[in-house]
Amino acid sequence: MKRILAAAGALAVMIATTHSLADEAPGLAFKGTATAPDSNRVIYQEFHEVSGSCTDGWWQPDRQDVRYVRPDDDKAFATKALTYPNSLQTPDVDFRQPSFGERLDIARRGDTIAIDWSIEGEKGGSWTLNPRPDQVIDAGFDHFIRANWTTLTTGDSVAFRFLAPTRGEAYDFVVEPAPETIDGADHSFRIRPEGLIMRLAVDPIRLGYRDDGLLTHYQGLGNIRRNQEENYRVSIRYQVTARPGCALLPRS
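The model shown is predicted, which means the values in this text are computed figures rather than measured ones.

Draft legend 1. Representation of the overall build of the protein chain. Secondary structure summary: the protein chain contains three helices and 16 strands in total. Looking at the 252 residues of the protein chain, the share that counts as buried comes to 52%. Surface accessibility of the protein chain: about 11800 Å² in total, with carbon and sulfur atoms responsible for 47%.

Here you go:
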């Protein structure tokens, strides 16, 4: 169950209903510093670079590359690439963590979502799922939150299906305003399982956002392995280093 929310990582479904000329825009870049929840010990840093364009005044990402780096090393020990050929909330994913021999590929193939996962010492697996409008994959949670920004910031919750890629299944979750705010965030949300049994087995993820829709905090289970059996539980603080000259939030 601990791997169900192992995804980390950042950004909002902003699909325009009409399209005009798409202007080239400076990319979005940000870094995250992951610390242990019970201390200020830095475990790793994430460096995100997102390419895309401004369409009708909205930022439309097309690719996101992530490098994971230890505090004492400049070389990436893990990488992730996200592309958005179908929907911002269901990106294609290419994740590599060589120190554990781990590979995860998620891609839309025709009318199905194909998942291929392998890790050293385990069998891994391959699965297919049927796409659903309420489905969310990996960092697609960030786009999903921005797509439902007005609902969430006025106090309501939104249900969705979140993919647990190492299980090949999607589970019912809900994102809602957090009962406890996060220091330094303009808005605090949490993602939790809907079912009672799942609630007992899986801790909520806490998220912080700025007023302009940028992710500032992530607290919960990450996608970087602590060992062969479990992932790190982390508190990540994000800092924007470059941003496009158009809005991230959809028009209300």
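Draft legend 2. Geometry of the nonpolar core. Counting 58 residues, the largest nonpolar core has Tyr44, Phe141, Ile145, Val175 and Leu207 as its most contacted members. Per-element accounting of this core gives the leading share, five residues, to strand S11 (residues 158–164).

Draft legend 3. Local environment of the packing of aromatic side chains. Within the structure shown, the criterion is met by 13 aromatic pairs. Relative to tyrosine 68, the ring of tyrosine 44 lies with its centre 6.0 Å away and its plane at 65 degrees, an arrangement referred to as edge-to-face. Here tyrosine 68 lies in strand S4 (residues 58–69) and tyrosine 44 lies in strand S3 (residues 42–55), a separation of 24 residues in the sequence. Here tyrosine 44 and tyrosine 68 have matching classes, each one buried. Members of the aromatic cluster, each reached through a chain of ring pairs, are Tyr44, Tyr68, Phe77 and Phe95. Over the ring of phenylalanine 77 we find arginine 70; its NZ or CZ atom is 3.9 Å from the centre of that ring.

Draft legend 4. Looking closely at the pairing of strand S14 (residues 205–209). Of all the five residues making up S14, four are buried; the element is thus mostly covered by neighbouring parts of the structure. In terms of strand pairing, strand S13 (residues 187–193) meets S14 through five bridges, oriented antiparallel. Paired with arginine 190 across the two strands is arginine 206, which belongs to S14. Turn length for the S14-strand S15 (residues 215–225) hairpin, with the two strands adjacent in sequence and antiparallel, is five residues, and the turn residue glycine 213 shows positive phi of about 95 degrees.

Basis of the calculations
- Residues numbered from 1 in each chain as written.
- Predicted model: local features only at pLDDT ≥ 70, side-chain atom pairs only at ≥ 80, totals over all residues.
- Heavy atoms only, no water.
- Helix = DSSP H or I, 4+ residues; strand = E, 2+ residues; numbered from the N terminus.
- Buried < 20%, exposed > 50% of the residue type's maximum accessible area, 1.4 Å probe, protein only.
- Areas by Shrake-Rupley, 256 points an atom, 1.4 Å probe, with all protein chains shown as cover.
- Core = buried A, V, L, I, M, F, W, Y, C linked by side-chain atoms within 4.5 Å.
- Phe/Tyr/Trp six-rings, centres within 6.5 Å; stacked < 30°, edge-to-face > 60°.
- Lys NZ or Arg CZ within 6 Å of the ring centre and 35° of its normal.
- Pairing = 2+ DSSP bridges.

No statement about biological role is implied by the geometric values presented.
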